[in-house]
Amino acid sequence: MTGRDRSGGTRAWGLTVAVLAALAAMWPLLPDYNQITLARVMVFAIFAIGYNILFGYTGLLSLGHALFFAAGLYAAGLGARDGGLTAVPAFLAGILAGAGLAAGVGALALRTAGVAFMIVTLMFAQAGYLALLYFNEWTRGDEGFNLPAASRTVLGLELAGADMRYGTALALFALATLIATWLARSPLGRVMVAVRENEARAAMLGYDTGRVKLAAVTISGAFSGAAGAAYGLIDGYAGATFASVQYSILPLLWVLVGGAGTVLGPLVGAVFMFYLIDLTSGLTDAYMLVAGAVLVLVTLFAPRGIMGEVRRRVARWLP
Amino acid sequence: MAAMSGPLLRAEGLTRDYGGLRAVDHVDFTLQEGEIRALIGPNGAGKTTFVGLISGRIRPSAGRVRFMGRDVTALPAHRRMRLGMAYTFQITSIFANLTVWDNVALAAQARRGAQGLAEATDAALARVGLLDRAGQVAGDLAYGHQRLLELAMGIAQAPRLLILDEPTQGLSDPEIRDFVALIRDIARGATVLLIEHNMDVVMQLATRITVLNFGAILAEGAPEEIRADARVRAAYLGG
């Protein structure tokens, strides 16, 4: 949070806009390979932004966010394949699926707290993953399926090209970042942080902390569903892998490395992890070992994540 | 202030059991608008449990609570706060990692929403003398300032009833003097119910005193009556 509410506001927005402008400026300069990679990273960063709303701001650690990502992915994918949805309605269906499922899971999982909350969300996500495999006839869970080309055009432009992938991912990422920045500085964002910091006190100030937490889970699910739908529509593929536990751990890692409770942390974490694995895997087969070592170092020397350390050391006003 | 017939707060037969132990035992209690009521009694008398029942932090085993003429027994704590109660914890409870300003802003926002938030926050901070520390992280404040911060949060909530659980505990004598003046000032706009061990503070502040012992009301009255009460002396001296 910022110091006094009025200070830091312009700088916070300025930095966010500057980062988005830099990503836009890189667009025509990047080779195709990097455009496609960065497009994926930006979509995953939307996922991380959603995760950060729940974990970084509200202080709830979920181990089941793959479920909400997959909900968006499959709502868009199946909607396009079986329902003939075009890109925009398919994307909206993904947001709704993520938010709706998160609200349902949240209503049940929030009866618990701490470690029990982690376990319950993990169990829900595993149940979702197994259901995708069980209904394989319909979901093509094990080998996945390609989305029909008709669903992958926006305003007459095909999403398949590297250029369009980057542009679409950037537009969605920019939108997600601006919404998240606004949310973090909104009255609801302030109360979410209060719940994270001292839930008993927040309740004794008159806040319905149960409702705040449910709202955070639902908003977080909506972002995750949006990311899943965007991933499916941009890459043209849906499969059960994205519902596996790995995709519940990844957003946690991205947020931890990038900086929990910071607006730009999710992007920084996702970019860092993605290129770390990308670069090291080109050098050695033991790239996971290198990635693991780097993670240990980051955790040791920047326990608040990269942006968290920047905030602590140089820029207290960082959103 | 809205016209209201009857007392600000009324507890009827309020009871709380913990296993076999009855911490609060059929307490009938009435608080009039504008009072500064001190709640005193030996350790373990059930004072904190009693205000917990009033504020809704603790569910009663039996009995009812009426606030501003309305039965609030079934309402959770956060709903009672919205109706116009404020509560400060016995052990300092602030948002230690947030700034002083954000702490008070959270309190003000709970009551009034985002409108006029900055003005209300600044005003509450100015009243306790912490405005120049607004940008500091609350956890870095000295203990006495943290207690003042809690009072500022209470002020920002603009309550009808302010419940203070041992507000002067751990403060130095000069700090206590300022605190007493501040509470008296707050009491011009709100009814105050405070648990207090420091008898000087009680005698300076209270318009009425309620003495709790073994979860029941032992005596109630004006400060001079309580001072003269033989049963109260016996309870304190372990007679």
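This one's a predicted model, so the numbers in the text were calculated from it and none came from an experiment. Each chain has its residues counted from 1, following the order in which its sequence is written. The order in which chains are written sets their letters, starting at A; the order in which ligands are written sets their numbers, starting at 1. Given that this is a predicted model, residues contribute local features only at a pLDDT of at least 70 and side-chain atom pairs are listed and counted only at 80 or more, while totals for whole chains, interfaces and linings are drawn from all residues.

K.L.:
Please clarify how the overall build of chain B should be interpreted in this entry.
P.N.:
Helix and strand labels come from DSSP, where a helix needs a run of H or I of at least four residues and a strand needs a run of E of at least two; each type is numbered from the N terminus. Summing up its helical and strand segments, chain B has nine helices and 10 strands in all. We take the radius of gyration over the C-alpha atoms and set the globule estimate at 2.2 Å times the residue count to the 0.38 power. A globule of 239 residues ought to have a C-alpha radius of gyration of about 18 Å, and chain B, at 18 Å, matches this closely. Each of the three principal axes of chain B carries a C-alpha extent, and together these read 50 × 40 × 35 Å. Contacts spanning at least 24 positions in sequence make up 64% of the contacts within chain B whose residues lie at least 6 apart. For every residue pair, C-beta atoms are placed from the backbone, and the pair is scored as a contact if these atoms sit within 7 Å.

K.L.:
Could you clarify how one ought to interpret the sheet that holds strand β3 (residues 36–40) of chain B in this entry?
P.N.:
What links the strands of a sheet is backbone hydrogen bonding, and the strands pair in either a parallel or an antiparallel sense. Residues and elements named next belong to chain B. Overall, mixed pairing links the six strands, which are arranged β6-β7-β8-β3-β9-β10 in an open sheet. Of all the strands in the sheet, the pair left with one neighbour each is β6 (85–88) and β10 (216–221). Strand-to-strand, the axes of this sheet are offset by a mean angle of 15°, without reference to chain direction. Note: strand β7 (residues 161–165) against strand β8 (residues 191–195), five bridges, orientation parallel. Paired with D165 across the strands is I195, a residue of β8. Every axis corresponds to a line fitted to the C-alpha atoms, with the helix fit spanning only the stretch in contact, and the corresponding angles, defined between N-to-C directions, vary from 0 to 180 degrees. Strand contacts of helix α1 (residues 47–55): β3, β6, β7, β8 and β9 (208–213), with the helix running at about 150° to β7, the strand carrying the most contacts. Being paired, for any two strands, means DSSP has found at least two bridges between them.

K.L.:
Whenever I open this one, unusual backbone geometry confuses me. Can you help?
P.N.:
Across residues other than glycine, the phi torsion is negative in most instances, and most of the peptide bonds are trans. Residues and elements named next belong to chain B. Its identity as a non-glycine residue notwithstanding, H26 has a phi of 45°, on the positive side. A positive phi angle is found at A158, which is not glycine, with a value near 45°. Residue placement: A158 occurs in the loop between α5 (143–156) and β7.

K.L.:
Looking at this model, I keep getting lost on the nonpolar core. Mind explaining?
P.N.:
One recurring pattern in soluble globular proteins is that nonpolar side chains are buried together. Within the largest apolar cluster, 176 residues are counted, with the highest numbers of intra-cluster contacts made by I46(A), A230(A), V104(B) and A152(B). Looking at which element gives the most residues to this core, the answer is helix α2 (residues 32–57) of chain A, with 16 residues. The residues touching A230(A), leaving out its near neighbours within four places in the chain, are V43(A), I46(A), F91(A), A169(A) and L172(A). What we call a nonpolar core is a set of buried Ala, Val, Leu, Ile, Met, Phe, Trp, Tyr and Cys residues whose membership is set by joining through C-beta atoms within 7 Å. Buried residues are those with 20 or more other C-beta atoms within 10 Å of their own C-beta, exposed residues have 12 or fewer, and partly exposed residues lie in between; C-beta atoms are placed from the backbone.

K.L.:
What am I meant to see in the pairing of β8(B) here?
P.N.:
Regular strands have side chains that alternate between both faces of the sheet. All names here are of chain B. The element β8 is largely enclosed, with a buried count of five among its five residues. The two faces of β8 match: T191, L193 and I195 on one face and V192 and L194 on the other face are all buried. Bridge count for β3 against β8 is four bridges, and the pairing is parallel. Pairing of A38 across the sheet is with L194, part of β8.

K.L.:
Please explain the interface of chain A and chain B as it appears in this structure.
P.N.:
The accessible area lost on association of the parts is a frequent measure of interface size. Facing the 19 residues of chain A at the interface are 25 residues of chain B. Every element with two or more residues in the side of chain A that touches chain B is listed here: α8 (187–197) and α9 (199–204) of chain A. It is α8(A) that provides the largest number of residues to the side of chain A that touches chain B, a total of five residues.

K.L.:
Help me out: how do you make sense of the packing of α2(A) against helix α12 (residues 265–283) of chain A in this one?
P.N.:
Two quantities define a packed helix pair, namely the angle between the axes and the distance from one axis to the other. All names here are of chain A. Where α2 meets α12, the closest approach of the two axes is 8 Å, and the angle between their N-to-C directions is 130°. Between α2 and α12, the angle falls in the class oblique. The handedness of the crossing between α2 and α12 is right-handed. Taking contact as the criterion, the partners of V41, F44, A45, A48, I49, N52 and G56 in α2 are, on α12, G265, P266, L267, G269, A270, V271 and F274. What sets the label is the angle itself: under 35 degrees gives roughly parallel, over 145 gives roughly antiparallel, 65 to 115 gives roughly perpendicular, and the rest give oblique. Left-handed describes a crossing whose near helix is turned anticlockwise from the far helix through less than a right angle; right-handed describes the clockwise counterpart.

K.L.:
What is the right way to look at the confidence of the model for chain B in this model?
P.N.:
Residues shown with low pLDDT carry predicted positions that ought not to be read at fine detail. Every residue gets a pLDDT, meaning the predictor's confidence in that residue, from 0 to 100. With 97% of its residues at a pLDDT of 70 or more, chain B shows a mean pLDDT of 92. Across the interfaces of the predicted complex, the ipTM metric reaches 0.90, alongside a pTM of 0.90.

K.L.:
Looking at this model, I keep getting lost on the packing of helix α3 (residues 100–112) of chain B against α5(B). Mind explaining?
P.N.:
All names here are of chain B. Where α3 meets α5, the closest approach of the two axes is 7 Å, and the angle between their N-to-C directions is 30°. As judged from the angle between their axes, α3 and α5 are roughly parallel. By crossing handedness, the relation of α3 to α5 is classed as right-handed. Mapping the contact onto sequence places V100, N103, V104, A107 and A108 in α3 and L149, A152, M153 and A156 in α5. Amino acids outside the nonpolar list (Ala, Val, Leu, Ile, Met, Phe, Trp, Tyr, Cys, Pro) and the charged list (Asp, Glu, Lys, Arg) are all regarded as polar, and Gly is one of them. Classifying every residue of the contact of α3 with α5 gives eight nonpolar, one polar and no charged.

K.L.:
Where do I start with the sheet that holds strand β5 (residues 70–71) of chain B in this structure?
P.N.:
Residue and element names in this part refer to chain B. Here we have four strands laid out as an open sheet, ordered β2-β1-β4-β5, and antiparallel in their pairing. In the strand order of this sheet, the two ends are held by β2 (21–31) and β5, each with one partner. Bridging between strand β1 (residues 9–18) and β2 involves seven bridges; their strand directions are antiparallel. Pairing of A11 across the sheet is with F29, part of β2.

K.L.:
Would you take a moment to explain the pairing of β1(B) for this structure?
P.N.:
Residue and element names in this part refer to chain B. If you look at the hairpin formed by β1 and β2, you'll find two residues sitting between the two strands, and G19 has a positive phi there, around 60°. Strand direction decides the pairing type here: β1 and strand β4 (residues 62–67), joined by five bridges, are antiparallel. Within the sheet, the bridge partner assigned to E12 lies in β4 and is R64.

K.L.:
Sorry, what's going on with the environment of G156(A) here?
P.N.:
For G156(A), the location among the structural elements is in the loop between β2 (153–154) and β3 (157–158). Residue G156(A) is classed as exposed on the basis of its 5 C-beta neighbours within 10 Å.

K.L.:
Any chance you could explain α8(A) here in plain terms?
P.N.:
The periodicity of an α-helix, 3.6 residues per turn, causes residues three or four places apart in sequence to face the same way. Within α8(A), nine of the 11 residues are buried, which leaves the element mostly enclosed by the surrounding structure. For α8(A), the elements touching its buried residues are α2, α7 (162–185), α9 and α10 (209–235) of chain A together with α3 of chain B.

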